[in-house]
Amino acid sequence: MESKKYKDIDRREFIGISAKGAAGISLASLSVLSGCADSEKAKTVFGACYHDCPDRCSWTVSTVSNKVTDFQANKNDPYTAGKLCNKMVSFPNDVTFHPDRILSPLKRSGPKGSGEFVKISWEQAISEVAAKLKDIIEQKGGEAILPYSFGGNQGMVQGGAISSRFFAHIGASQLERTICGDAAVEGVLATNGQTTGVLPEDIIHSRYIILWGTNPVLSNQHLWPFIQEAKNNGATIVTVDPFQSKTSEESDWHIQPRPGTDTALALGLIHVILAENLQDQEYIDNYTLGISQLEAHVQKYDPVTVAQITGLEEETIIALAKAYATSSPSLIRILIGMEHQVNGASAFRAVAMLPALTGAWRHFGGGLMHMTYELFGEALNWESINLPATLADQKTRSINMVELGKALNDTELNPGIDALFVYNSNPAVTTPNQNLVRKGLERNDLLTIVSEHFLTDTARYADYVFPATSVLENWDILDSWGTPYLNINEPAIEPIGESKPNSELFRLLAQEMGFKEAYFYESDIDIVKKTLDSNHEYMKGISFTSLRKRGGQKLNLPTKWMPHAEGNFKTSSGKCHFYDPNLEQALPEYIPFQYSDEEIKQYPLHLLTIKTPENFLNSSHANVNHILEKEGKFYLEVNPKDAAMRKIADGDELKVFNQRGRVYITARISNKVQQGVVCMPQGFWPSLLKGGSSANALTNHLLTDMGRGAAIQEARVEVEKV
Ligand code: SF4
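Given the structure is predicted, the values throughout are model-derived calculations rather than measurements. (Residues numbered from 1 in each chain as written. Predicted model: local features only at pLDDT ≥ 70, side-chain atom pairs only at ≥ 80, totals over all residues. Heavy atoms only, no water.)

1. Comments concerning the domain arrangement of the protein
Applicable threshold: Per the annotation, domain bounds derive from an automatic or database assignment of domains. The contact criterion used throughout is that any non-hydrogen atoms of two residues lie within 4.5 Å. Two parts placed together each lose some accessible area under a 1.4 Å probe, and adding up what both lose gives the buried area. Here, a salt bridge means any Lys or Arg side-chain nitrogen found within 4 Å of an Asp or Glu carboxyl oxygen. N or O atoms closer than or at 3.5 Å make up a polar contact, with two conditions inside protein: a donor-capable atom paired with an acceptor-capable one, and, for residues adjacent in sequence, both atoms drawn from side chains. Secondary structure elements follow DSSP: runs of H or I of four or more residues count as helices, runs of E of two or more count as strands, with numbering from the N terminus. In this count, Pro and Cys sit with the nonpolar residues alongside Ala, Val, Leu, Ile, Met, Phe, Trp and Tyr, while Asp, Glu, Lys and Arg are called charged and the others, Gly among them, polar.
Looking at the assigned domains, one finds that the protein contains domain 1 (197–370) and domain 2 (597–721). Computed from C-alpha coordinates alone, the two centres of domain 1 and domain 2 are separated by 27 Å. Contacts between the two partners involve 19 residues from domain 1 and, on the opposite side, 24 residues from domain 2. Of the roughly 1700 Å² buried at the junction of domain 1 and domain 2 (both faces included), carbon and sulfur atoms supply 58%. Looking at the side of domain 1 facing domain 2, the largest losses of area belong to F243, H340 and V342, adding up to 37% of the total buried there. Notably, a salt bridge pairs E614 with K246, separated by 3.3 Å at the nearest N-O pair. The interface formed by domain 1 and domain 2 includes 11 residue pairs in polar contact (both at pLDDT 80 or more). Elements represented by at least two residues in the side of domain 1 that touches domain 2 include exactly α8 (246–250) and α14 (344–351). At 4 residues, the largest contribution of residues to the side of domain 1 that touches domain 2 is made by α14. For the side of domain 1 that touches domain 2, the residue count by class is 7 nonpolar, 7 polar and 5 charged.

Written out as structure tokens, the structure is:
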């Protein structure tokens, strides 16, 4: 993809923004933002993508007099490889300089949800919000306040640090941030004790690659060239996905099981491998626990039974098991996809057993590829990111973010939630059971505070909105959950208008509330520097200075990273756990969600809501006109047989509904989904759609079997023409 030059941006836009910037910030900033860009000189700084994406691209931003003249991918970083994806290529125009950006604090002046606000000063906003929070703490206790944040900004400073200290200090309810990733992680940890397996660039050595519930062509784009290199070197690429994704179309083989049946498929593969005596017995004997229990357990997952569960042919299950077990190096790439079902963690747990069963870990490029965040857990100095010792032992209650709608409407909750503080998140779009969330946000007795770039569907319900800086305007440090590359983000320009980093917002509130503790007043740049101040071997050659000079750097890892070639699992026994009597289920089991007969009759179609948009990520940038135009209509994939039964033609306007809500959407008839399954994209803003509802109006707030994640793919619907 081409990087976008900004020399041709409408000059009036720059002047207008510059003038707003020159208008100044009415509340004197604390002096902790030292190191901001010098607005007088031409300069180029390195930064990194803050999005909820495994690629964590590194970029450069060139500026003159606080104006961006160039924004492009970092060519020094071999993983970014000089390319940003569609979602970010025009970021300065799409967010930083977008005319709709919020540039001053706002106070609600109309009914909740109306989007009617008046501008107020930072002094007034901080003073009023601090007074209201203090009042709630005095009347009901800190637990009546709920922070709500997630992957809207994955920077370690702007995503946590000061905000975490603030909420821990006031004794707020803790938020279980499990909407994405935790079920997957819990499942893999149960088997391997760590998620870091094969590193992304090492996939070029793999010769049999199973992409299980992941769509790298769209959502892990910088891994895809390495997969193609492996293919050019002779690798077979198999995709397992109930949806016919772009990746499946590029693969040698697409295996399309019924949604939510991955655990059964994985256990079926284990059955075949053992039945055919294709296991690596020496590896099993030396480095695993529980093979006899596993072997007995998978007897019931024979190909006939698994074929009935998954909808696959018996021959497909047998052929996949044999091909996987007899190819080397064989690699299974998992990410998040299959976690969003009630049986999701068990699926990851079972899939993670396959490389140990076949001894794939012995071979460079063989094993399981999942996450990388643990590398940074070891490499960095977390003192300034983690809570200080005096706050670390939080005893306050936890509320799961998946269940926000339930919590906001729960009259039995004691104390009830009186204040919701949202930052780096847009729950009116991204949280399941959208109508219940909205009902909660409509409560007149709920104080809602939002820090944002735009008047999102959540911010429309806020009592106060604070203008947040974009990533071009603040310091940060970005580790990665999908690569071994570390980045810092240096501010390229001074904050636009009256925007401030999240860190500064929470410092100002702490100051206003009279908190004297030094941990509130550590500057952003000091947090970045201290976090990099580590003697760990992975950090050899990496420093604040080197990251500033060249952008993203790979951790100093061994040339051949083979974590389990000789066992070394991070489980309690040091072995791969096929069986663990300490878990609620000693072995992974296929346990589907039990819908009532009535629900199946009323809502006969299984709804998948997935990340198929090519031009925006989650709900970020899904308000920008040219992006929405590029993305096209909000569509429902319908199998031709289901369409024929309902007399639906391609392009028809549809109503999709269930007991939780209804969505208006355009039909796209295709074989991308099997009969009985329909699929719509996540991320569209309800306020920009007909009927004011998007995908999460139909999803439920069910939790997964482990990790308390979001089982959003457990939803049934009916569809009719309108
Ligand atoms: S969203 Fe992902 S692929 Fe796109 S620029 Fe950001 S990190 Fe890179």
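Now that the structure has been shown, the text picks up again.
2. Notes on the site of the ligand
Defined as follows: Residues are classed as near a molecule or strand on a simple rule: at least one heavy atom within 4 Å of it.
Taken together, the residues surrounding the ligand are C49, C53, D55, R56, C57, C85, M88, H222 and L617. Of the residues contributing to the shell around the ligand, the split by class is 6 nonpolar, 1 polar and 2 charged.

3. Thoughts on the pattern of salt bridges
How we decide: For the exposure calls, accessible area comes from a 1.4 Å probe over protein chains only, and a residue counts as buried if that area is under 20% of its type's maximum, exposed if over 50%, partly exposed in between.
Applying the stated criterion across every chain, the model contains 27 salt bridges. Ionic pairing is found between D463 and K112, a salt bridge with its closest N-O pair at 3.2 Å. One end of the pair, D463, is in the loop between β17 (447–452) and β18 (464–467); the other, K112, is in the loop between β5 (106–108) and β6 (117–119), with 351 residues separating them in the sequence. The residues D463 and K112 share a single accessibility class, namely buried. Note that E403 and K406 form a salt bridge whose closest N and O atoms lie 3.3 Å from each other. Through salt bridges that share partners, R165, E383, E522 and K530 make up one connected network.

4. Overview of the packing of helix α9 (residues 262–275) against helix α12 (residues 303–310)
Just so we agree on the cut-off: Helix axes are fitted to C-alpha atoms over the stretch in contact, other axes to C-alpha atoms as well, and angles between N-to-C directions run from 0 to 180 degrees. An angle below 35 degrees is treated as roughly parallel, one above 145 as roughly antiparallel, one from 65 to 115 as roughly perpendicular, and anything else as oblique. The sense of a crossing depends on the near helix, which, turned anticlockwise from the far helix by less than a right angle, makes the crossing left-handed and, turned clockwise, makes it right-handed.
Viewed as axis vectors pointing N to C, α9 and α12 meet at an angle of 160°, and their least axial separation amounts to 9 Å. Classified by the interaxial angle, the pair formed by α9 and α12 is roughly antiparallel. The handedness of the crossing between α9 and α12 comes out as left-handed. Contact with α9, carried on its side by A264, L265, G268, H271 and V272, involves P303, V306, I309 and T310 of α12 and no other residues of that element. Considering only residue class, the contact of α9 with α12 consists of 6 nonpolar, 3 polar and no charged.

5. What about empty space enclosed by the protein?
Rolled over the atoms, a probe with the dimensions of a water molecule shows which regions are left empty. Note the threshold: Cavities and pockets were defined on a 1 Å grid built over protein atoms only: a cavity is a set of grid points that admits a 1.4 Å probe from which the probe cannot escape, a pocket is an open set flanked by protein on both sides within 12 Å along at least five of seven lines, and lining residues are those with an atom within 4 Å of any such point. Grid points are joined across faces, edges and corners, and a volume is the space filled by probe spheres set on the points.
This structure, assessed with the given rule, holds 3 cavities of 30 Å³ or more. The space that makes up the second largest cavity amounts to roughly 130 Å³. Around the second largest cavity, the lining is made up of 16 residues, and of these C53, D55, C57, C85 and H222 lie nearest the centre. Its residues assigned to classes, the lining of the second largest cavity comprises 8 nonpolar, 5 polar and 3 charged.

6. Observations concerning the sheet that holds strand β7 (residues 145–148)
Heads up, the rule is: Any two strands between which DSSP finds at least two bridges are classified as paired.
Spatially, the 6 strands line up as an open sheet ordered β6-β5-β18-β17-β16-β7, and their pairing is mixed. Of all strands in the sheet, those with a lone pairing partner are β6 and β7, marking the two edges. Pairs of neighbouring strands in the sheet enclose a mean axial angle of 15°, with direction left out of account. Sheet analysis places β7 next to strand β16 (residues 419–423), joined by 4 bridges and oriented parallel. For I145, the partnering residue across the bridge sits in β16 and is A419.

7. What to know about the sheet that holds strand β25 (residues 653–657)
In space, the 6 strands of this closed barrel follow the order β23-β27-β24-β26-β25-β28, with mixed pairing throughout. For this sheet, the mean inter-axis angle between neighbouring strands, taken without regard to orientation, is 45°. Sheet topology note: the strand β24 (residues 635–638)/strand β26 (residues 662–669) ladder contains 4 bridges and is parallel. Each residue of the ladder has a partner; that of E637, found in β26, is R668.

8. Looking at the packing of helix α5 (residues 182–192) against α14
Interhelical geometry of α5 versus α14 gives an angle of 40° and a closest axis separation of 7 Å. The angle between the axes of α5 and α14 places the two elements in the oblique class. In this structure, α5 meets α14 at a crossing whose hand is right-handed. Along the contact surface, α5 presents A183, A184, G187, V188, A190 and T191, while α14 presents A345, F348 and R349.

9. Here's the deal with the packing of aromatic side chains
Quick reminder of the rule: Classification of ring pairs rests on two measures: the distance between centres of Phe, Tyr or Trp rings, Trp counted by its six-membered ring, which must be within 6.5 Å, and the angle between planes, read as stacked under 30 degrees, edge-to-face over 60 and tilted in between. Placement of a positive charge over a ring is assigned whenever Lys NZ or Arg CZ falls within 6 Å of the ring centre and within 35 degrees of the normal to the ring plane.
Evaluated as defined, the whole model comprises 27 aromatic pairs. Measuring from centroid to centroid gives 5.0 Å for Y519 and F520, while their planes differ by 55°, and the two rings are tilted. No difference in accessibility class separates Y519 from F520, as the two residues are buried. Through a chain of ring-to-ring contacts, three or more aromatic side chains come together here, namely F166, F167, F421, Y423, F506, F515, Y519, F520 and Y521. Positioned over the ring face of W122 is K500, at 5.0 Å from the centre of the ring.

10. A closer look at the confidence of the model for the protein
Quick reminder of the rule: Each residue gets a pLDDT score, which is the predictor's confidence in that residue and runs from 0 to 100.
Of all residues in the protein, 94% attain a pLDDT of 70 or more, and the chain-wide mean is 93. Contacts of residues 1–39 to residues separated by more than four positions or lying in other chains number 87 contacts, the stretch itself having pLDDT below 50.

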